[in-house]
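# Structural overview for review
Each chain, letter by letter, is given below.
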Amino acid sequence: MAGRDDSGTLEATVDIFDLVHDSIFVRDRAGYIRSWNAASEALYGWSREAAVGRLVNELLPPRRPERDAAREAELLETGRWEGRLSRAAADGRMLTIDARWSVRRDADGAPVEIIETGRDVTERRAVEEALQRSEYRYRNLFQAMAASFWEIDFTPIGDMLRELRSEGVTDYPAYFAANPDYVRRMIRATRVVDVNEQTVALFGRGDKGELLRDLEPFWPDESLHVFAASVISAVTRKPNYVTETPLRTLDGRVFDALFTAAFPPESIAKGTLLIGVIDISDRTAAEAHLRHSETRYRNLFHHMPIALLQLDMRPLFDKIAAMKTAGVDVADKIATDDELLTEALRLVTIDEVNDAAMKLFGVTDPTALHGPIEPAWQARPDTIRRSLLARLRGEPGYVEETKISTRDGRVVDVLYNIAFPPTLTELGINVVTFMDLTERVETQAALQRVQADFARAARIATLGELTASIAHEVNQPLAAIATNGEASLRWLGRPEPDVEEVHTLTGRMVADARRAADIIKRIRGIATPSAPTRAELSVNALVEEASLFLRHEMQAQGVTLTLDLAAGVPPILGDRTQLQQVLVNLMVNAMQAMAGAGVTRRGIIVRSRAHGTGAALEIEDSGPGFAPEHLGSLFASFFTTKADGMGIGLSICRSIIDDHGGQISAANAPAGGARFHFTLPAEGTP
Ligand code: ADP
């Protein structure tokens, strides 16, 4: 950077600027960068050669260029602007910068240059904000004169500097850096003119006089650079210099101090300067603690197996606050205004993401996710609307099953979860978690397929049972027909009445009946599925499986299923599929009875109990129950009271329970609904 000896204000700027930790650069009114210090190179990753002559917004693309106009206006009106801005560094990282702009004007007062001092707060922001309150507190302390004040006579230093210059030294910062002994000599040459009571309390031993001497005992070696920087600030006519540094009491105790050197023109003219000191060792400890928990948080954040995003909510919060001030019903607006929702999706930005989030969103570089949340919510922007409304209602958080759009073009089912703890809200950040539900959704789909398969299998099984039932029920009448037919033949075979034709007909009847019996026998043989298997089964597990198959249907029909399953029900030997079919049939009947009667409070209770060495089960519903005259016929094949009923369900149930050596019965429950009771002995066969 070129020195500006002509103006005098930026004397020896090259080196001083390079000495400062903060980025400092100068641009002209049109935005072209004129000078660029070493800290700017480090911060933004652009060398001085690359930066000087470029337009600042081209070199460092701002996240929100539209805000520049307002800043510029404030700058020109008041001569300075201070605030936070986000802009991209050479490597594309978005940096958060605490910036101060000031204008340098020419002799006519026309603005010539804008000087920007900037500090990278990208990393430290959260900690810093947590500290803001305590900083505020000690600013108050300062005003309450709790700070230690020193008035220092620095005329001897002025003499030393003049002498240095006459020896040809112009680059003070470099000289001071290379000659710590010289800085030490300046410290010894500096006289304390006056101190306040706080200074005596903080540095001394009760006697103010002890402190009115040179600065030597108060200045530990690790703080030499602070003294040097104060001197440089004074000669470059900065209004003040503030830093944190260790200082030492007369007793030799070293503590962390907030050090301020102020150079008001009146005292400079007198050859004195003012120093303010505040003991911040407590705060430093708190900060260290905070940093520690920050590290813990970060570790946790990055290694959690759940996708986490950290959001910067402040721009949106500002917007909402402004709307509230303007008297807008914010909740109503968010609920109805799509443009506002879109704006919100752009104002809320992603600051930080963990590995799991990168995987979920299909990126390999975390910064690819930084920026507005909008792209993630293409499929379901409404989720954010509901989430914001929940926040405005003061709810502690919001959860929703939704879909996000990934950066590689997929739409993924997720469980979105955001909490609104006041501590985070104060900081303007929020952590959002996403749980990938793809697997769960797939499992559910698979389960539904299984359910459908089961229903089909059950139907086929029912067909088998149907044939078996028909065979069982029809065989006996057929046998009777045959017997009676044979008897008739004998009657008709007597000599008195000539009933030749009847004889022939009856003969055919017998033949047909036999053939029918044979056919049914064959059908039964074909239809009977492979021999029923017997396995040791947990009755409670059976009930749970069977209710799983109907869960969907019950939800759809508003039926509440209560499982009252006793512990310690002994296992039984049985055919899993057949017994499940019994349970499913009974529950389906119950649902149909309740729906048919238009019952509004629909409930099914399934109870299991130990019964001897086996089990007993009961299925009770809140439907209309049975008409007393039907109780005797329920289990008969083809008994139905339904227009489209077949009347075989219960008969199948009975034959299955019979096969298992148990007994089934039906009754009206005391409350009025139907209650089926059946037993299953441990051995599984009669
Ligand atoms: P379907 O359901 O085809 O009629 P089922 O053998 O399953 O044949 O049932 C026979 C009859 O028993 C039904 O029509 C109905 O009248 C009666 N029934 C069965 N379960 C219940 C129940 N939970 N509540 C009232 N009636 C029932």
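What comes next concerns the included structure.

What counts as what
- Residues numbered from 1 in each chain as written.
- Predicted model: local features only at pLDDT ≥ 70, side-chain atom pairs only at ≥ 80, totals over all residues.
- Heavy atoms only, no water.
- Pairing = 2+ DSSP bridges.
- Helix = DSSP H or I, 4+ residues; strand = E, 2+ residues; numbered from the N terminus.
- Contact = heavy atoms within 4.5 Å.
- Axes fitted to C-alpha atoms, helices over the stretch in contact; angles between N-to-C directions.
- Expected span 1.5 Å × (residues − 1).
- Buried < 20%, exposed > 50% of the residue type's maximum accessible area, 1.4 Å probe, protein only.
- Arc of directions from axis to C-beta.
- Near = heavy atom within 4 Å.
- Polar contact = N/O pair within 3.5 Å; in protein donor to acceptor, adjacent residues only side chain to side chain.
- Nonpolar A, V, L, I, M, F, W, Y, C, P; charged D, E, K, R; others polar.
- Salt bridge = Lys/Arg side-chain N within 4 Å of Asp/Glu carboxyl O.

## Quick look at the sheet that holds strand E14 (residues 397-405)
In spatial order, the strands read E13-E12-E11-E16-E15-E14; together these six strands make up an open sheet with antiparallel pairing. Two strands close off the open sheet at either side, each with one partner strand: strand E13 (371-372) and E14. Both strand E15 (residues 411-419) and strand E16 (residues 429-436) contribute to a ladder of five bridges, which runs antiparallel. Bridged to Ile418 within E16 is Val432. The sheet strands contacting helix H18 (residues 382-392) are E14, E15 and E16, and the helix crosses E14 at an angle near 165 degrees.

## Quick word on helix H7 (residues 155-166)
In an α-helix, one full turn covers 3.6 residues, which means residues spaced three or four apart are oriented alike. The terminal C-alpha atoms of H7, which comprises twelve residues, lie 17 Å apart, in line with the 16 Å expected from a rise of 1.5 Å per residue. Three or more residues of H7 are buried, namely Ile157, Gly158, Met160, Leu161 and Leu164. On an axial view of H7, the arc spanned by its buried residues comes to 165 degrees, and they lie on one face. Structural note: H7 exposes Arg162 and Ser166 on the side pointing more than 90 degrees away from its buried face. Where H7 is buried, its residues contact helix H8 (172-178), helix H9 (180-189) and helix H11 (224-235). Following H7 by one or two positions, Gly168 has its phi on the positive side, about 100 degrees.

## Let's talk about the site of the ligand
Taken together, 19 residues lie near the ligand, and Asp621, Thr640, Thr641, Lys642 and Leu650 sit nearest. Between the ligand and the protein, one listed contact pairs a nitrogen atom with a side-chain N or O atom of Asp621 at 2.8 Å. Separating an oxygen atom of the ligand from a backbone N or O atom of Leu650 is a distance of 2.8 Å. Elements supplying a minimum of two residues to the shell around the ligand: helix H23 (576-596), helix H24 (649-659) and strand E23 (674-680). It is H23 that contributes the most residues to the shell around the ligand, three residues altogether. Of the residues in the shell around the ligand, the class split is ten nonpolar, seven polar and two charged.

## With respect to the pattern of salt bridges
Inspection of the entire model under this criterion finds 37 salt bridges. Two residues, Lys319 and Glu343, come together in a salt bridge whose shortest N-O distance is 3.4 Å. Highlighted residues: Lys319 in helix H14 (residues 314-325) and Glu343 in helix H16 (residues 338-347), separated in sequence by 24 residues. Classification of Glu343 as partly exposed rests on a relative accessible area of 32%. Across the pair Arg393 and Glu395 runs a salt bridge whose closest N-O atoms are separated by 2.8 Å.

## Describing the sheet that holds strand E2 (residues 33-36)
Taken together, the five strands give an open sheet; going across it, the order is E2-E1-E5-E4-E3, and neighbouring strands pair in antiparallel fashion. Pairing within the sheet leaves two strands with one partner each, and these edge strands are E2 and strand E3 (80-88). The sheet shows a mean angle of 30 degrees between the axes of neighbouring strands, taken without regard to direction. Where strand E4 (residues 94-105) lies against strand E5 (residues 111-120), nine bridges are found, and the strand directions are antiparallel. Directly across from Ala99, in E5, lies its bridge partner Gly118. Strands in contact with helix H5 (residues 68-78) are strand E1 (23-28), E3, E4 and E5; relative to E4, the strand with the most contacts, it is inclined by about 35 degrees.

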